[in-house]
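Fold and geometry: a report
What follows is each chain in one-letter form.
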Amino acid sequence: MNAPADLPTLQPKDFKSDQEVRWCPGCGDYSILAQVQKIMPEIGVRRENIVFVSGIGCSSRFPYYMNTYGFHSIHGRAPAIATGVKIGNPELDVWVVTGDGDGLSIGGNHLIHTIRRNVGLKILLFDNRIYGLTKGQYSPTSELGKKTKSTPFGSIDHPIHPISVAIGAEVTFVARTVDVDVKHMQGVLKRAAEHKGTAFVQIYQDCNVYNHKAFEFATDRSVKDEHVLYLEHGKPMIFGKNRDKGIRLNGTTPEVVELGKGVSPDDLLHHDEKCAEPTLAYLLSRMRHPDFPEPMGVFRCVESPSYEDLLMGQIRAATAKLGPGDMDALFNDGDTWNVD
Amino acid sequence: MSTATAGGQKRNGKSVRELDSAAVRFVGDSGDGMQLAGTQFTNTSAVFGNDVSTLPDFPAEIRAPAGTIAGVSGFQINFSNHDIHTPGDKVDALIAMNPASLKANVGDLEDGGILVVNVDEFTKQNLAKAKYTNNPLEDGSLKNFRVFEVPITRQTVDAVKQAGVGAKDAERCKNFYALGLIFWLYDRPLDVTLRWINDKFSKKPEIAAANTLAIQAGFNFGETAEMFPVRYRVNRAKLDPGKYRNITGNQATALGLITAARLAGKTLVYGTYPITPASDILHELSMRKNFDVRTYQAEDEIAAFAAVVGAAYSGALAVTASSGPGIALKQEGVGLAVMTELPCLIVNVQRGGPSTGLPTKTEQADLWQAILGRNGECPLPVIAAQSPADCFWTVIEATRWAFKYMTPVFVLTDGFLANGSEPWRIPAYASIEKITVRHASDAATFQPYLRDKNGARPWAVPGTPGLEHRVGGLEKADVTGNVSYDADNHHKMVGLRAQKVANIVHEIPPQPIDGPDSGDVLLVSWGGTYGAVRTAGQRARAKGRKVSHVHLRHMNPFPANLGEIVHRFKHVLVCELNMGQLLLLLRGRYAVEAVGLNKVQGRPFMIREITAKIDEVLGAK
Ligand code: SF4
């Protein structure tokens, strides 16, 4: 995105609203808010052109805390409302904040269709695998067998996998990061900000009240390097504290291999986020803890015309062909007759 | 329905009888092209200078088995030499293309009426499909009508031979043959339809030729066959001077929306999901991209309205249209628009309900849904169109309210208005009053929920420097718009939102009364029943009865003088195509002893139904 020449220099604090932040102490949302506020001055957009739209849930309080335009809407509908904002004014920089319940349960339909239309929205999915606001029921990303207030005998629902779903809808940008890895999150958010079309970011977020340590494997310093694979475009997929393990393709199935012992980095899968075919990105989305290290970073980033570009393109083309609409000509279209 | 005027003449050895008006219905299988024949007959009559009123009748299924009652499609036109308001109660002429369509429609033909049947289709098999045990052409059951058995299929196929089209295409021209015959019967010119055929099939000259041959053959058959002793003429109507076109309610709605956006200097964003009978608004608007009309076909009704809310927030004229079941899905979003006080329009093209109900049939049973159908105290203005062309003015009026009062506005039309048509006196765009829009811009004084004298909050659109603020569905603190759970604040805000909607009463002119200001019976109606009720009232007065009529377009708020009017009559008769929704609102609001005339048959009122009810109320014969 080309920053306007006279863009005022702002600080993260300029993106803090005067509202008191009301998440539970220790909630992962605080870190996400801080990182978003941190990168806002760097994305090259005037503050008045930024809009945050959210649905319902803990995460959806987010717009109140941003000193930008904000819309705290209704459950699940944030992508649909944000689509309307973008259609009304494609110049706006529109961010959607949603959660696993809001975005994937009640609003799953809108999320899928927004992604497949490639509407120019940055969608941040705060995934804590639980319903926080309603006090602890299982969510669509909760694991099978999960015991919660509404599943005392364990959940019998198979979880939905947000990145797999997004790729199924042919998302043009999809990434994953985690609440406590602040530098990584900032990097991912900036990449999302630059993307034209839908940018979908899954953020592993700790709900320390109802689902604490759900992502410990990816946040505990002592173990995370063994359980997380940082994706780098063009690079072989190597992970582990000693960078001694990698991902190799065996037929069409990925496998974890140890480097050395006849396996060199050249034998490993190399990440290609720009691959037109989403197959590799999908395969990565299927790599899940504990069988695999979970990929972090940008899974897929491809160029494709955004919905609003196509829409405005049609309007420009129609106007070029037919001229700007003339009201009287429109009224008098078709068979007319005079009465004297 | 037809009324003959004195006089007549002879032409080509056939006498021509002048009528004041006539109602004609084309019926056939849904594959027979009856809608097209009806539309062409309407356009010709309109261009000829008659007043017209139409009623298309679609089958519920897209492709019901051919030849069955379920597959019958019809189109009724009332055309006249004076101002008319309805498509007519009974018809003077029925053109039935097969047994099923005869069976489904013959009950609406006047005694002594003209019945043209396509005798070729009265085969054993087709009679069985229509569940006729005897052939009605032979069993004497049609003896009250003037029956003309015309071999339409065979004659069409013969006539179009020289165009060189295949057998199937040849047979398909039979609607034009029937149309040609009826054009002859009512002394109409062919040129409007011939022009249409040439335009429509410019890329398929052989089809154009076949249809042209068919229509001419039908016309000539009337002229030469010994069958028809008289033909009829309905002269031009004395409409107000001006330029006219024929328009359906959905077309008028679409045109009105484009006009409203232009008058307000706004982009029109139309978020919708396909639904009968509202989809034609989308079709019409999606052609108008050079008017900066941005149509959005969402994944569902909910998303369609969510996008409307987002577009309203972004500063556009944001509109959705749907029908009852779709509106039900949108209501959560409508509540959000009420809470965030964002201007937008919700058009409900009502159809028979509940649930999926009768998708292709008309009804007025969504009045409560519009006024009451949301959670919480959630008032908004409601306005109802009264005729197809009136949809144009109704959506413009709704837009004025939406912007001035920062509120979603419900617009009610119905299937009858949406698909029915009438002549529209074309206005000059420059003669229509502009729509004022105010946007907040001063950061020093801006407060998201600081109200103006009308009770409206400011509209501050994203992109305006210094006005960054947050809105949402949680209760707002007065003035600042911050989230507030304060008990007194909530009570106050509910009151402020209600007062704002109530203030719209200042936009509404005093309710006009058709007839004297007081008397024995006040007919009250609203929306698409205008024509039938108005005509019934006028006929009752012509018979010396003290009957007046009030037709409402402003359903919330009501006009200021309505309460006083209803108490000036001995009887108040509320006529609605529902089980008494306005009736209950009037009783509740004005404590008036009103009674209802209610009908939910998926069809408009007939004038005589209202007349009978007036007589009953008056205890008269
Ligand atoms: S309930 Fe969980 S997700 Fe919600 S604010 Fe508290 S810690 Fe955060």
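This text gives an overview of the structure that appears in the document. Numbering of residues begins from 1 in every chain and follows the order in which that chain's sequence is written. Here the convention is simple: chains get letters from A, ligands get numbers from 1, in the order in which they are written. Owing to the predicted nature of the model, reporting of local features is limited to residues with pLDDT of at least 70; listing and counting of side-chain atom pairs is limited to 80 or more, with chain, interface and lining totals taken over all residues. Just so you know, side-chain values use all the structure's heavy atoms and leave hydrogens and water out.

**Topic: unusual backbone geometry**
- At the junction of A:His289 and A:Pro290, the peptide bond is cis and its omega measures out at 0° in the coordinates.
- Segments assigned H or I by DSSP are reported as helices when at least four residues long, segments assigned E as strands when at least two residues long, and all are numbered from the N terminus. Turning to its location among the elements, A:Pro290 is positioned in the loop between helix 9 (279-285) and strand 11 (294-301).
- Of note, the amide linkage connecting B:Gly353 to B:Pro354 takes the cis form, showing an omega dihedral of 0°.
- Structurally, B:Pro354 can be placed in the loop between strand 14 (344-350) and helix 13 (367-372).
- The phi dihedral of A:Lys261 is positive, around 45°, even though this residue is not glycine.
- Assignment of secondary structure puts A:Lys261 in the loop between strand 10 (253-258) and helix 9.
- Positive phi, close to 60°, is recorded for B:Lys131, a residue that is not glycine.
- Within the element layout of this structure, B:Lys131 appears in the loop between helix 3 (124-129) and strand 8 (146-150).
- Burial here depends on accessible area, computed with a 1.4 Å probe over protein chains only, as a share of the maximum for the residue type. Under 20% is buried, over 50% is exposed, and the range in between is partly exposed. Residue class for B:Lys131 comes out exposed when judged on its relative accessible area of 67%.

**Notes on the sheet that holds strand 11 of chain A**
- Only strands that DSSP links by at least two bridges are regarded as paired with each other. The 9 strands are arranged 7(A)-11(A)-5(A)-6(A)-4(A)-3(A)-1(A)-2(A)-18(B) in an open sheet whose pairing can be described as mixed. A single partner strand is all that each edge strand has here, and the edge strands are strand 7 (228-230) of chain A together with strand 18 (470-472) of chain B. The mean angle between the axes of side-by-side strands here comes to 20°, regardless of whether they run parallel or antiparallel.
- In the packing of helix 6 (residues 182-194) of chain A onto the sheet, contacts are made with strand 3 (93-99), strand 4 (121-127), strand 5 (173-178), strand 6 (199-204), strand 7 and strand 11 of chain A, and the angle to strand 5 of chain A comes to roughly 160°. In this analysis, axes come from line fits to C-alpha atoms, helices being fitted only over the stretch in contact, and the angle between any two N-to-C directions falls in the range 0 to 180 degrees. Note on contacts: a residue pair qualifies if any of its non-hydrogen atoms lie within 4.5 Å across the two residues.

**Re the interface of chain A and chain B**
- With 58 residues of chain A at the interface, the matching set in chain B holds 71 residues.
- Here the buried area means the combined drop in accessible surface, using a 1.4 Å probe, for two parts upon being joined, counting both sides. Across the chain A/chain B interface, buried area totals approximately 5400 Å², and carbon plus sulfur atoms make up 60% of it.
- For chain A, the biggest contributors to the area lost against chain B are A:Tyr69, A:Phe331 and A:Trp337; these three give 17% of the whole.
- One side-chain nitrogen of Lys or Arg within 4 Å of one carboxyl oxygen of Asp or Glu is enough to make a salt bridge. There are 5 salt bridges connecting chain A and chain B.
- Between A:Asp333 and B:Arg288 there is a salt bridge; the shortest N-O distance is 3.5 Å.
- Counting of polar contacts relies on pairs of N or O atoms within 3.5 Å, with two restrictions inside protein: one atom must be capable of donating a hydrogen and the other of accepting it, and residues adjacent in sequence are counted only when both atoms are side-chain atoms. Linking chain A to chain B there are 32 residue pairs in polar contact (both at pLDDT 80 or more).
- Looking at the side of chain A that touches chain B element by element, the count peaks at 8 residues for helix 10 (residues 307-322) of chain A.
- Across 3 bridges, strand 2 (residues 69-72) of chain A lies against strand 18 of chain B in parallel orientation.

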